[in-house]
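Examination of the molecular architecture
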Amino acid sequence: MSTDEQLCVTLPLPPSINEQYYTDTRGNRRLTPVALRYKAEVQRALLNLKQQGILNAPLLKRMSTCYLALYFECYFPTPLQRDLDGGLKIMLDAVCRGLGANDNRVVEIHLSKRIRPQDPHVYVEIDTLDEWEFDEEYRVLPKGPDQEAQS
């Protein structure tokens, strides 16, 4: 159940990492048609939530301005068919793009593997966090003249 601070959605299972990229004739890595279709499916699912009013303007604003904690529960057809993390990046990119959120706002990710042979999918919960407690802060100091000579 989605709230004013959390989005819950069921999405299609992403393609495996081996199905996501190819190298074009110039040597550039590109998304495959399968990966592009997956990203379009996620966009349609999120658009549907917008049209239903579940993904409303205040929640979208929070998604683009707050820190994000994501929980992905992946339901695969079999237990050993694929790696759990192979679809993480494409799921993260597709979801964040559909929410208008930069994925650098993600501060926590949980992945779980489940088995559902008749209904493979991903259940996603996205929590918006007003604050996040980072580890001890560090300052990057400019290199001094004596340090540059050592580089």
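The following paragraphs examine the structure supplied in this document. (Residues numbered from 1 in each chain as written. Predicted model: local features only at pLDDT ≥ 70, side-chain atom pairs only at ≥ 80, totals over all residues. Heavy atoms only, no water.)

A surface patch of like charges, here negative, comprises Glu131, Glu133, Asp135, Glu136 and Glu137. Structurally, Glu133 can be placed in the loop between β6 (121-129) and α4 (145-150). (Patch = residues over 30% accessible without salt bridge, like charges linked within 9 Å, V, L, I, M, F, W, Y side chains within 5 Å. Areas by Shrake-Rupley, 256 points an atom, 1.4 Å probe, with all protein chains shown as cover. Salt bridge = Lys/Arg side-chain N within 4 Å of Asp/Glu carboxyl O. Lys, Arg positive; Asp, Glu negative; His and termini not counted. Charge placed at Lys NZ, Arg CZ, Asp CG, Glu CD. Helix = DSSP H or I, 4+ residues; strand = E, 2+ residues; numbered from the N terminus.)

It is worth spelling out the environment of Gly100 at this point. Mapped onto the elements, Gly100 comes out in the loop between α3 (88-99) and β5 (106-115). In this structure Gly100 comes out as exposed when scored by relative accessible area, which is 53%. Linking Gly100 and Met63, residues 37 residues apart in sequence, is a C-alpha distance of 7.4 Å. (Buried < 20%, exposed > 50% of the residue type's maximum accessible area, 1.4 Å probe, protein only.)

Glancing now at helix α1 (residues 33-52). With 20 residues, α1 should reach 28 Å at 1.5 Å per residue; the first-to-last C-alpha distance of 29 Å fits that figure. Ala35, Tyr38, Lys39, Val42, Leu46 and Leu49 are the residues of α1 that are buried. Looking straight down α1, one finds its buried side chains confined to an arc of 95 degrees; they lie on one side. Seen from the buried face of α1, the exposed residues on the opposite side, beyond 90 degrees, are Pro33, Arg44 and Gln51. Elements in contact with the buried residues of α1: β1 (6-11), β3 (29-31) and α3. Taken from the residues just after α1, Gly53 is the one with a positive phi, measuring 85 degrees. (Expected span 1.5 Å × (residues − 1). Arc of directions from axis to C-beta. Contact = heavy atoms within 4.5 Å.)

How two aromatic rings sit relative to each other is set out by the distance from centre to centre and by the angle between their planes. Evaluated as defined, the whole model comprises 0 aromatic pairs. Against the face of Phe76 rests Lys113, its NZ or CZ located 5.5 Å from the ring centre. (Phe/Tyr/Trp six-rings, centres within 6.5 Å; stacked < 30°, edge-to-face > 60°. Lys NZ or Arg CZ within 6 Å of the ring centre and 35° of its normal.)

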